[in-house]
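Residues per chain, in single letters:
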Amino acid sequence: MSLTKRSWAEPFKIKMVELLKMTTPEQREKAIKEAGHNTFLLKSEDVYIDLLTDSGTSAMSDQQWSGLMLGDEAYAGSKNFYTLEKAVKKFYGYKHLIPTHQGRGAENILSQVMIKKGDIVPGNMYFTTTRLHQELAGGTFVDVIIDEAHDSENLHPFKGNIDLNKLQALIKKHGAKKIPYVCVAVTVNLAGGQPVSMQNLKELRALTQEHGIKIMLDMTRIAENAYFIQQHEKGYSKKSIAAIVKEICSYTDGATFSGKKDALVNIGGFLAVNDQEIFEEASNLVVVYEGLHTYGGLAGRDMEAMAIGIEESVQDEHMKARIGQVLYLGEKMQEAEIPIVLPIGGHGIFIDAKRFLPHLKQDQFPAQTLAAALYVDSGVRTMERGIVSAGRNAKTGDHYYPKLELVRLTIPRRVYTQAHMDVIAESVERVYQDRKKIRGLKMVYEPKYLRFFQARFSKL
Ligand code: F0G
């Protein structure tokens, strides 16, 4: 054994555990059939390892749990609002805070305030709820992410980057007045948790400033993005995650945030802006949809826990362990030659279902099919991020056919152990061996909005 080797482990120990129910393959066959082959419709009780999402599923620290006891549940002016406002200023640098019940609440308010009918909203790949709110406000989302993002095998280290030529062409075509803001996500969820580089953000700032266009960040996984910048971008290896996070925010005018990811809480979000006028309009609108501007749909205790979570999320050791665990699982999959999105992203492993199940056409829902098969094999619950998530074009009524047809194995923060990661990798390998036997699905029920949540399928 090499004496120079130094393994690292999580910077926490476990104080409380939640017992899991073990099921048989027969029970799981029955459960997935009853759920219409949609993992969103499974009962969580029937799930062994839950990789559906990293949203609201992380483990809070003892500090956060104690924070819950400090909840000031006053209707107006709760003490916890001011703690959260202070954390947002300190760690992100934004001037004004509007709490919301979660990220999409902030997306709604921002879209209603900033987007007019006929506007164009460029962004680095769509996210489901974000795009829908932009559309409901009368805007049209246009994808300006670099082409490499759509190729699961391309090894570009910053596949979340904005293609400035695409953006420039869009400005030329529609005029800057039609573009209320550029929506930049860090990291890019549907590209596989891929980061944006600081260089790209700086160049984007320069270009948008020339045209008087604002930049609004979807900063849901900003600390994870900062980790990739620290690891892979020149000039950042000695900077702390906290400093990098703050620098990212400094190139933008505001942000929507789902606290359910980076900030390690089960519920919560916010809109933060620098512009006084936007703030006033947004804090007026928030009382219509969320709650008073000092609680925005949250209990005081939730705001306290989120403020503490924000501080924990920017600790270097935390992020090393968080992304280290995702990398560990990803490397196991690579060893087994499972087709996954590379480079390995921030919040999970994304299996390329088109390459995993090449015998299925995209409208036979390969990713949906694979998610159901993995559940039956081991009780591991994953999520489709392909044609079902992409939805339909409102004008033509056709499916959107995204290039990426992925199954997302999303890792909640501080919840599962390395042994869980081993079980997951073994299950994926087993299903891969038997992949030729897997048949596709047809959709038998399709809801109008965000269909992936509630659609039902049957086997072909
Ligand atoms: N933006 C991104 C990049 C997200 O990943 C999410 C949620 C939201 C906004 C909306 O936030 O859920 O608090 O309303 N993503 C979850 C997921 C649902 O599973 O990826 P929310």
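For the structure itself, consult the block above.
Model, not experiment: these values are computed from the prediction. (Residues numbered from 1 in each chain as written. Predicted model: local features only at pLDDT ≥ 70, side-chain atom pairs only at ≥ 80, totals over all residues. Heavy atoms only, no water.)

J.: Tell me about the overall build of the protein chain, residues and numbers included.
T.: Helix and strand counts for the protein chain come out as 16 helices and 14 strands. Dimensions of the protein chain, computed from the C-alpha atoms along their principal axes, are close to 60 × 55 × 45 Å. The 460 residues of the protein chain split such that 59% are buried. Contacts spanning at least 24 positions in sequence make up 72% of the contacts within the protein chain whose residues lie at least 6 apart. Surface exposure of the protein chain reaches about 20300 Å², of which carbon and sulfur atoms provide 52%. The averaged location of the 55 negative side-chain charges in the protein chain is 2 Å from the averaged location of its 59 positive side-chain charges. (Helix = DSSP H or I, 4+ residues; strand = E, 2+ residues; numbered from the N terminus. Buried < 20%, exposed > 50% of the residue type's maximum accessible area, 1.4 Å probe, protein only. Contact = heavy atoms within 4.5 Å. Areas by Shrake-Rupley, 256 points an atom, 1.4 Å probe, with all protein chains shown as cover. Lys, Arg positive; Asp, Glu negative; His and termini not counted. Charge placed at Lys NZ, Arg CZ, Asp CG, Glu CD.)

J.: An account of the site of the ligand is requested, with residue identities and associated values reported.
T.: Around the ligand sit 17 residues, and of these Thr 53, Arg 104, Asp 218, Ser 258 and Lys 261 come closest. A distance of 2.9 Å separates an oxygen atom of the ligand from a polar side-chain atom of Gln 102. Isolated, the ligand exposes 470 Å² of accessible area, and the fraction of that covered by the protein chains is 95%. If you tally residues by element for the shell around the ligand, the top one is helix H4 (residues 103-114), at 3 residues. Here the shell around the ligand is built from residues that sort into 2 nonpolar, 8 polar and 7 charged. (Near = heavy atom within 4 Å. Polar contact = N/O pair within 3.5 Å; in protein donor to acceptor, adjacent residues only side chain to side chain. Nonpolar A, V, L, I, M, F, W, Y, C, P; charged D, E, K, R; others polar.)

J.: Describe in detail the side chain of Gln 364, supporting the description with residues and values.
T.: Mapped onto the elements of the fold, Gln 364 is located in the loop between helix H13 (353-356) and helix H14 (366-378). When its relative accessible area of 19% is taken as the criterion, Gln 364 is described as buried. Those residues in contact with Gln 364, other than ones at most four positions away along the chain, are His 359, Thr 369, Gly 440, Leu 441 and Leu 460.

J.: Tell me about the nonpolar core, and please be specific about residues and values.
T.: Among the nonpolar cores identified, the biggest contains 61 residues, and Tyr 92, Leu 217, Met 219, Phe 270 and Ile 310 are the most heavily contacted of them. Residues Tyr 48, Ala 353, Ile 411 and Met 421 belong to the second largest nonpolar core, which totals 33 residues. (Core = buried A, V, L, I, M, F, W, Y, C linked by side-chain atoms within 4.5 Å.)

J.: Let's hear about empty space enclosed by the protein: which residues, and what values?
T.: According to the stated counting rule, one finds 3 cavities of 30 Å³ or more in the structure shown. If you add up the space inside the largest cavity, you get close to 90 Å³. Forming the boundary of the largest cavity are Glu 10, Phe 12, His 318, Ala 321, Arg 322, Gln 325, Arg 413, Arg 414, Val 415 and Tyr 416. Residue composition of the lining of the largest cavity, by class: 4 nonpolar, 2 polar and 4 charged. (1 Å grid on protein atoms, 1.4 Å probe; cavity = no way out; pocket = protein on both sides within 12 Å on 5 of 7 lines; lining within 4 Å. Points joined across faces, edges and corners; volume = space filled by probe spheres on them.)

J.: Could you give an account of the packing of aromatic side chains, with specific residues and numbers?
T.: What the rule picks out here adds up to 11 aromatic pairs. Here the aromatic rings of Phe 40 and Phe 452 are separated by 5.8 Å at their centres, their planes lie at 55°, and the arrangement is tilted. Here the residue Phe 40 occupies a position in the loop between helix H1 (25-34) and strand S1 (49-50), and Phe 452 occupies one in the loop between strand S13 (441-445) and strand S14 (456-459), the gap between them amounting to 412 residues. Members of the aromatic cluster, each reached through a chain of ring pairs, are Phe 40, Phe 452 and Phe 453. Stacked on the ring of Tyr 126, the Lys or Arg Arg 131 has its end atom at 4.2 Å from the ring centre. (Phe/Tyr/Trp six-rings, centres within 6.5 Å; stacked < 30°, edge-to-face > 60°. Lys NZ or Arg CZ within 6 Å of the ring centre and 35° of its normal.)

J.: Which residues make up the layout of surface pockets, and what values do they have?
T.: Estimated volume of the largest pocket: approximately 1600 Å³. Along the wall of the largest pocket there are 39 residues; nearest its centre are Met 16, Ala 59, Met 60, Arg 414 and Val 415. When residues of the lining of the largest pocket are traced back to their parent elements, those giving at least two are S1, helix H2 (62-68), helix H12 (316-335) and helix H16 (418-433). Considered class by class, the residues forming the lining of the largest pocket number 16 nonpolar, 11 polar and 12 charged. Domain assignment of the residues forming the lining of the largest pocket places at least three in each of domain 1 (25-54 + 316-459) and domain 2 (62-313). Put simply, the second largest pocket is a space of about 1100 Å³. Taken together, 38 residues form the lining of the second largest pocket, with Arg 131, Glu 135, Ala 390, Arg 392 and Tyr 400 sitting closest to its centre. (Domains from an automatic or database assignment.)

J.: So what's going on with the environment of Ala 367? Which residues, and what values?
T.: Within the secondary structure, Ala 367 sits in helix H14. Each C-alpha atom, one on Ala 367 and one on Val 407, is 5.3 Å from the other, the two residues being 40 residues apart in sequence. Look past the residues within four positions of Ala 367 in its chain and what remains in contact with it is Ala 353, Glu 384, Glu 405, Leu 406 and Val 407.

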